[in-house]
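# Descriptive analysis of the structure
What follows is each chain in one-letter form.
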Amino acid sequence: MKKSVSFYSEGIKLDGDLYVPEDIGPGERRGGIVLCHGYTGVKDLYLPDNARALNEAGYVVLAFDYKGWGKSEGARTRLAPYSRVADVQAAITFLQIQEQVDPDKIGIYGTSYGCATVVFVAAVDERVKCVVGVVGMGHGARWMRSVRRPDEYADLLVRSREDREQRVISGISNMAARDEILLPDRQSAELASAARANNPNALSELPLEYIDETLQFHPEWVVNQISPRPLLLIAGGDDRLVPPEECQSLFDKAGEPKKMTILPNVGHYEVYVPPAFDMVMTETIAWFAQYVSARDRRSQ
């Protein structure tokens, strides 16, 4: 059962969907999972499939849009990585106060840039009891450099500096085509384009501010703070947008318990469609079941 909800983060109203299992009984409390979308994603793109799979496994699930995305209020289309961390923390609080949720059994799931976000959230918020990150990056600057030729990266840094200087004087960031900032890879471009074409909230332009904010966000600097809470990382073995080495770096710096799964011959956007999607969710549900059980107690 899907229910439209709203809640506030830093005084800004966010739009969300609460997914409640059909078989939940009166007074029953379940484990809760917050879903976090990626770089330019929205809650209605891919995440409903994750929510359905987790509902079937018994979890109450919350998906939402960050400030300025979808129907959420706030400055439009900004990346604002640390503000996204605050949004996820607000989503955790909202999920904890739902009558169907055990507030002590909260997991978070993030895909693509959402993986980076949930790693950072878990590192600074001990309410998170279990983390799953899929096809994510560990170091923003290294990632942006890794998918570009040297001259392309040098040009990117110049554009970033010029826009940064303009923003501090005018408050305005120039817009650029999404594909200039998030480089498309031939392997998954068709899948991504098809999915975005059917979503009215999917954007084709982004502010150049995205460059600075990506270059300065490095979840691998804090991933070691998650332990002793569990972390699962899932990478695509043939991911040419966010290479699997990014997840590997997060894994190497994380403490136990941790697990990393590399899906052979799977590209970045292929994790959202079968058969790779089914592999992702099998791993995810098994990990959550081990550390944040869906069904546990009834309120008295």
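Figured I'd write up the structure that's included with this text. (Residues numbered from 1 in each chain as written. Predicted model: local features only at pLDDT ≥ 70, side-chain atom pairs only at ≥ 80, totals over all residues. Heavy atoms only, no water.)

## Looking at the environment of S170
Counted only if it meets this: Labels follow the DSSP assignment, with helices taken as runs of H or I lasting at least four residues and strands as runs of E lasting at least two, numbered in each case from the N terminus. Relative accessibility under 20% of the residue-type maximum defines a buried residue, over 50% an exposed one, and the middle range a partly exposed one, all with a 1.4 Å probe and only protein chains included. N or O atoms closer than or at 3.5 Å make up a polar contact, with two conditions inside protein: a donor-capable atom paired with an acceptor-capable one, and, for residues adjacent in sequence, both atoms drawn from side chains.
Among the structural elements, S170 can be located in helix α5 (residues 150–170). For S170, a relative accessible area of 40% translates into the label partly exposed. Within the local environment of S170, its side chain forms a polar contact with the backbone nitrogen of I172, the two atoms lying 3.1 Å apart.

## Side note on the packing of aromatic side chains
Where we set the bar: Two rings from Phe, Tyr or Trp (for Trp, the six-membered ring) form a pair when their centres sit within 6.5 Å of each other. Planes less than 30 degrees apart are called stacked, planes more than 60 degrees apart edge-to-face, and all others tilted. Should the NZ of a Lys or the CZ of an Arg lie within 6 Å of a ring centre and within 35 degrees of the ring normal, that charge is described as sitting over the ring.
The tally for this structure, following the rule as stated, stands at 14 aromatic pairs. Between Y39 and Y210 the ring centres are 5.0 Å apart and the planes differ by 85 degrees, which places this aromatic pair in the edge-to-face class. Separated by 171 residues along the polypeptide, Y39 in the loop between β3 (28–36) and α1 (47–56) and Y210 in helix α8 (residues 209–215) bring together distant segments of the chain. Of the two residues, Y39 and Y210, neither departs from the other in class, the shared state being buried. A cation over a ring is seen here: K258 above F251, with NZ or CZ 4.4 Å from the ring centre.

## Description of the pairing of β3
If a strand is regular, its side chains alternate between the two faces of the sheet. This is how the line gets drawn: Pairing between strands requires that DSSP locate at least two bridges from one strand to the other. Whether a crossover is right-handed depends on one test, that the path from the first strand over the helix to the second runs clockwise when the strands point away from the viewer.
Of all 9 residues that make up β3, 8 are buried, and the element is covered over most of its length. In this structure, β3 lies alongside strand β5 (residues 101–111), joined through 6 bridges in parallel fashion. Bridge pairing in β5 links R30 to V101. After leaving β3, the chain enters α1 and then returns to the sheet as strand β4 (residues 60–64), a path that is right-handed.

## Focus: the pattern of salt bridges
Note the cut-off: What makes a salt bridge here is a side-chain nitrogen of Lys or Arg within 4 Å of a carboxyl oxygen of Asp or Glu, nothing more.
Scanning all chains against the criterion turns up 24 salt bridges. For the salt bridge of D15 with K43, the shortest nitrogen-to-oxygen distance reads 3.5 Å. Residue D15 is located in strand β2 (residues 12–19), and its partner K43 is located in the loop between β3 and α1; the two are separated by 28 residues in the primary sequence. Just as D15 is buried, K43 falls in that class too.

## Focus on α1
Every α-helix winds through 3.6 residues per turn, so residues three or four apart in the chain are directed the same way. Applicable threshold: Residues are treated as being in contact if the distance between any of their heavy atoms lies within 4.5 Å.
Taking burial as the measure, the 10 residues of α1 include 7 buried ones, the bulk of the element. The complete set of buried residues in α1 reads L47, P48, N50, A51, A53, L54 and N55. Where α1 is buried, its residues meet β2, β3, β4, β5 and α10 (276–291). Backbone geometry just downstream of α1 places G58 in the positive-phi region, at approximately 110 degrees.

## Some words on the packing of helix α2 (residues 81–96) against helix α3 (residues 113–124)
The criterion, for reference: Axis definition: a line fitted to C-alpha atoms, over the contacting stretch in the case of helices. Angles run 0 to 180 degrees between N-to-C directions. Put simply, angles under 35 degrees are roughly parallel, angles over 145 are roughly antiparallel, angles from 65 to 115 are roughly perpendicular, and the rest are oblique. Note: crossing handedness is left-handed where the near helix turns anticlockwise from the far helix by less than a right angle, and right-handed where it turns clockwise.
Across the interface, α2 lies against α3 with an axial gap of 9 Å and an inter-helix angle of 65 degrees. Between α2 and α3, the interaxial angle falls into the category roughly perpendicular. Between α2 and α3 the crossing geometry is right-handed. In this structure, α2 uses P81, Y82, R84, V85, V88, Q89 and I92 to contact α3, whose residues at the interface are Y113, T117, F120, V121 and V124.

## Things to note about the side chain of Q98
As for its position among the elements, Q98 is in the loop between α2 and β5. Residue Q98 is classed as buried on the basis of its relative accessible area of 13%. Residues within four places of Q98 in sequence aside, it is in contact with L18 and R29.

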